[in-house]
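Structural features, examined
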Amino acid sequence: MVAFGVQHVAAMYAGVVAPPLIVGEAIGLAPLQMTLLIGASLFTAGIATALQALGVWKIGARMPFVNGVTFGSVAPILAIVAQQSGSQNPLSVVYGSVLIAGVLAFLAAPYFSRLVRFFPPVVNGTVITLIGLSLMPVAIKWIAGQDSDAPDYAAPQKVLLGAITFVLVLLFNRFLTGFLNRIALLIGLLVGTLIAWPMGLIDTSTFESAPLFNLPLPFQLGAPAFSLTATLSICIVMLVAMMESTADMIALGEIVDRPADEKTIAAGLRADGAGSALSAVFGGFTCSAFAQNIGLVALTGVRSRFVVATGGGVLVLLGLFPVAGAVVSLVPQPVLGGAALVLFGSVATSGIRTLGTAGLGDPQHALIVAGALGLGLIPVVAPSFYDNFPEALQTVLDSGISTGCIAALLLNLLFSKRPAPQPS
């Protein structure tokens, strides 16, 4: 069980630490503060993951979900930081906004969950497929690099390492059996990391500023302060995250053969809200379910929520012991990217499988899929397409998953009740 939990953590680590790294660099945090910010994000992500997987009262979907920092919150948080540049601690306004947004999301969960009735297979399959396709650029950026203007962007060594890991993960999944097959991804990450060592692609600098132990304390990085515009901005982010989480829960329910009903989605959304509010208290940001985790479940076939809860425990330990987190960070991003190509492809495959049951021979259903995929892929293939739109709209439209989900829901309402044309 621990091995599977570590596998989830290894695959999700980069996604958890990337937002605090970006925000911390934008603020200009000192190395020690940066370490505290990353530790707080890992710590709160672990608690949110355990809460989502195990459940307490009516909180938590009790599904194998990893929860972590919503990457969609990075741009609005950077905007808030820029607006508060004259203040002593811009993080205080961020934490105040996240705290309010988390509480509101918790209260709105039972009402938002009623959307599940509008997710027939044609919508489910479209959204699941779109989740997989929308995640592909993440994997590509892990391989090539985040900055296309950097001298080492898509360097041959990086591409080669990503390709080797990609092939290894495929081969290990094909030829290993039993327990080894279940941890094929972890083996692929380990072998890829060992190959990267002589290539000089392993960064050990994290150890230089990583303390042995750190206990995140409430408001250690800043007491909450409140701004109406900042709060509205994060509330929009939380709304988008709730829509993505709803789609993710429906997708995972299809994979684990436990369809997510209204009650499950409400509990899962409560966990997102509670996790975000708790995250603000301890120095993290908005939390929601990681779509990447769906691919890991689909690929490994490990459906136990207790395995993911174990992974949440590992994340908590990484937050408490930053040195341990530094060990996980040794896995180079090209290695993560090579493995992620298989993971995210598995998600898209699950969506295509669901679409196979949706009756695409019906022209109305085919139109729903075509329109939703077309709109949902716009921000994936052209990330700057909506740059001239108002910021509030950009928050929604820049998420291909949210845009495609809204489009699929509306198109289904528009076309599903129309009678098919009768032959003359």
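Our structure's up above, just so we're on the same page.
In what follows, the accompanying structure is described. (Residues numbered from 1 in each chain as written. Predicted model: local features only at pLDDT ≥ 70, side-chain atom pairs only at ≥ 80, totals over all residues. Heavy atoms only, no water.)

Bringing the overall build of the protein chain into the picture now. Within the protein chain, the secondary structure is distributed over 19 helices and two strands. Total accessible area on the protein chain stands at roughly 17700 Å², and carbon and sulfur atoms take up 68% of it. (Helix = DSSP H or I, 4+ residues; strand = E, 2+ residues; numbered from the N terminus. Areas by Shrake-Rupley, 256 points an atom, 1.4 Å probe, with all protein chains shown as cover.)

Okay, the packing of aromatic side chains next. Ring pairs (aromatic) are described by centroid distance and by the angle formed between their planes. For the coordinates displayed, the defined rule picks out five aromatic pairs. Plain terms: the ring middles of F385 and Y386 are 5.0 Å apart, the flat faces sit at 85° to each other, and that makes the pair edge-to-face. Residue classification places F385 among the partly exposed positions, given a relative accessible area of 48%. Here the aromatic residues F385, Y386 and F389 are joined through ring pairs into a cluster of three or more. Lying over the aromatic face of F175, R174 brings its terminal NZ or CZ to 4.9 Å of the ring centre. (Phe/Tyr/Trp six-rings, centres within 6.5 Å; stacked < 30°, edge-to-face > 60°. Buried < 20%, exposed > 50% of the residue type's maximum accessible area, 1.4 Å probe, protein only. Lys NZ or Arg CZ within 6 Å of the ring centre and 35° of its normal.)

Attention shifts here to helix 13 (residues 305–320). Side chains of residues three or four places apart in an α-helix project in the same direction, reflecting 3.6 residues per turn. Across its 16 residues, helix 13 extends 23 Å between first and last C-alpha, which sits within 8% of the 22 Å expected from 1.5 Å per residue. Within helix 13, 12 of the 16 residues are buried, which leaves it mostly tucked inside the rest of the structure. For helix 13, every residue scored as buried is listed here: V307, V308, A309, T310, G311, G312, V314, L315, V316, L318, G319 and L320. The N-cap residue of helix 13 is S304: its side-chain oxygen and the backbone nitrogen of F306 are 3.1 Å apart. (Expected span 1.5 Å × (residues − 1). Polar contact = N/O pair within 3.5 Å; in protein donor to acceptor, adjacent residues only side chain to side chain.)

Let us look at helix 10 (residues 228–255). Relative to the 40 Å expected for 28 residues at 1.5 Å per residue, helix 10 spans 40 Å between its end C-alpha atoms, a close match to the ideal helical length. Positive backbone phi, at 60°, marks D257, one or two positions downstream of helix 10.

By size, the foremost hydrophobic cluster in this structure holds 84 residues, and its most contacted members are I131 and F285. If one sorts the elements of this core by residue count, helix 10 sits on top with 11 residues. In terms of nonpolar packing, the next biggest core, distinct from the first, is built from 14 residues, M34, V66, F290 and V314 among them. (Core = buried A, V, L, I, M, F, W, Y, C linked by side-chain atoms within 4.5 Å.)

The subject of this paragraph is the pattern of salt bridges. Summed over all chains, the structure comprises two salt bridges. One salt bridge connects R114 with E262, and the closest N-O pair in it is separated by 3.9 Å. Taken together, the positions of R114 in the loop between helix 4 (90–112) and helix 5 (121–144) and E262 in helix 11 (residues 262–282) put the pair 148 residues apart, joining distant regions of the chain. The salt bridge involving D152 is made with K158; its shortest N-O contact spans 3.2 Å. By relative accessible area, K158 is classed as buried at 15%. (Salt bridge = Lys/Arg side-chain N within 4 Å of Asp/Glu carboxyl O.)

Attention now goes to the packing of helix 4 against helix 10. Axis separation between helix 4 and helix 10 bottoms out at 8 Å; the angle between their running directions is 40°. In terms of orientation, helix 4 lies oblique with respect to helix 10. As helix 4 packs across helix 10, the resulting crossing turns out to be right-handed. Contacts between helix 4 and helix 10 pair V93, S97, V98, I100, A101, L104, A105, A108, A109 and F112 from the former with A230, T231, I234, C235, M238, L239, M242, M243 and T246 from the latter. Residue composition of the contact of helix 4 with helix 10, by class: 16 nonpolar, three polar and no charged. (Axes fitted to C-alpha atoms, helices over the stretch in contact; angles between N-to-C directions. Parallel < 35°, antiparallel > 145°, perpendicular 65-115°, else oblique. Left-handed = near helix turned anticlockwise from the far one by under 90°. Contact = heavy atoms within 4.5 Å. Nonpolar A, V, L, I, M, F, W, Y, C, P; charged D, E, K, R; others polar.)

It is worth spelling out the environment of R305 at this point. Mapped onto the elements, R305 comes out in helix 13. A sequence separation of 241 residues divides R305 from P64, and the C-alpha atoms of the two residues are 4.0 Å apart. Filtering out sequence-adjacent residues up to four positions away, R305 remains in contact with A53, L54, R62, M63 and P64.

Okay, unusual backbone geometry next. One non-glycine residue, R62, lies in positive phi territory at about 55°. One can find R62 in the loop between helix 2 (31–54) and strand 1 (67–69). In the Ramachandran plot, D257 falls in the positive-phi region, its phi being about 60° despite a non-glycine side chain. By secondary structure assignment, the location of D257 is in the loop between helix 10 and helix 11.

Let's shift gears to a nonpolar patch on the surface. A surface patch of nonpolar side chains, amounting to about 580 Å² of accessible area, comprises L212, F213, L215, L217, L317 and F321. When you line up the elements, L212 lands in the loop between helix 9 (206–209) and helix 10. L212 sits in the exposed class, given a relative accessible area of 62%. (Patch = residues over 30% accessible without salt bridge, like charges linked within 9 Å, V, L, I, M, F, W, Y side chains within 5 Å.)

This part takes up the side chain of Q52. If you trace the backbone, Q52 turns up in helix 2. Setting aside anything within four residues of it in sequence, one finds Q52 in contact with G60, A61, R62, M63, F65, N67, A267, G268, A271 and D272.

Along the chain, G301 falls in the loop between helix 12 (292–300) and helix 13. In this structure G301 comes out as partly exposed when scored by relative accessible area, which is 30%. Sequence separation of G301 and N181 is 120 residues, and the distance between their C-alpha atoms is 9.6 Å.

Here we come to the side chain of T44. By the secondary structure assignment, T44 is in helix 2. A distance of 3.2 Å separates a polar atom in the side chain of T44 from the backbone oxygen of S41. When residues no more than four places from it in sequence are discounted, the contact partners of T44 are L278, S279, F282 and G284.

Moving on, we come to the packing of helix 5 against helix 15 (residues 333–355). Contact pair helix 5 / helix 15: the axes reach a minimum separation of 7 Å and the direction vectors enclose 170°. Between helix 5 and helix 15, the angle is such that the two are roughly antiparallel. Seen from above, helix 5 lies across helix 15 with left-handed handedness. Split by residue class, the contact of helix 5 with helix 15 holds 21 nonpolar, 12 polar and no charged.

Without other data, these values stay purely geometric and don't point to any function.
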